[in-house]
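Letter by letter, the chains look like this.
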Amino acid sequence: MEGGDTLRFIAPATVELQRADGSGCTGELPDEGNMYSGREVDDAFHHPDVQQALQAHQTYPDELGGTLHSPGHPGSITWATSCRGCLDPPKGVTALRRVLEVVMRNRRLVCPSG
């Protein structure tokens, strides 16, 4: 979730965007091109750094904010715009955040708002 919008990834390559205004759309990630593939999103999510952060319910500083939840996984990762004493995220979490930002940005561009 970021800016009131929710991005949902469904392996192997489906992405659903639900906007804060109630509109949304679903699409497939391409296998190649200038967009991340479903496999790349899945690989980034399964990185050991990400799995450890999820289990620990970690919070990291980030100017955009957002939260990551995974169905069937008890943990979460929060990126907070104000975060006193938070540690910088490990490389795997930073990589996942970058992937999610690109996927979210792309989905917002191709999905008309209500």
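Look up a bit, the structure's there.
Described below are features of the structure shown in this document. Note that this is a predicted model, so its numbers are computed, not measured.

## As for the sheet that holds strand S4 (residues 59-61)
Strands sit in the order S4-S6-S5 across an open sheet of 3 strands; the sheet is mixed. At either margin of the open sheet sits one strand with a lone partner, and together these are S4 and strand S5 (66-69). Each neighbouring strand pair of the sheet contributes to a mean axis angle of 15 degrees, computed without reference to strand direction. One ladder, built from 4 bridges, connects S5 with strand S6 (residues 76-80); its direction is antiparallel. Its bridge partner being in S6, His69 is matched across the sheet by Ser76. Lying over the sheet, helix H2 (residues 48-55) contacts S4, S5 and S6, oriented at roughly 90 degrees with respect to S6. Against the sheet, helix H3 (residues 91-110) makes contact with S4, S5 and S6, and its axis sits at roughly 75 degrees relative to S6, the strand it touches most.

## Section: the state of the cysteines
Following the criterion strictly, the structure yields 2 disulfides and no others. Across a sulfur-sulfur distance of 2.3 Å, Cys25 and Cys111 are joined as a disulfide pair. Pair noted here: Cys25 is in strand S3 (residues 24-28) and Cys111 is in the segment after H3, with a separation of 86 residues, a long-range link. Its relative accessible area of 1% is what places Cys111 among the buried residues. Covalently, Cys83 is tied to Cys86 through a disulfide, its sulfur atoms 1.5 Å apart. Because the torsion about its S-S bond is -70 degrees, the bridge between Cys83 and Cys86 counts as left-handed. Among the residues examined, Cys86 registers a relative accessible area of 25% and is labelled partly exposed. Look at the chain and number its bonded cysteines as they come in the sequence; the links are 1-4, 2-3.

What counts and what doesn't
Residues numbered from 1 in each chain as written. Predicted model: local features only at pLDDT ≥ 70, side-chain atom pairs only at ≥ 80, totals over all residues. Heavy atoms only, no water. Pairing = 2+ DSSP bridges. Helix = DSSP H or I, 4+ residues; strand = E, 2+ residues; numbered from the N terminus. Axes fitted to C-alpha atoms, helices over the stretch in contact; angles between N-to-C directions. Contact = heavy atoms within 4.5 Å. Disulfide = S-S within 2.5 Å. Buried < 20%, exposed > 50% of the residue type's maximum accessible area, 1.4 Å probe, protein only.

Read these as geometric descriptors, not functional statements.
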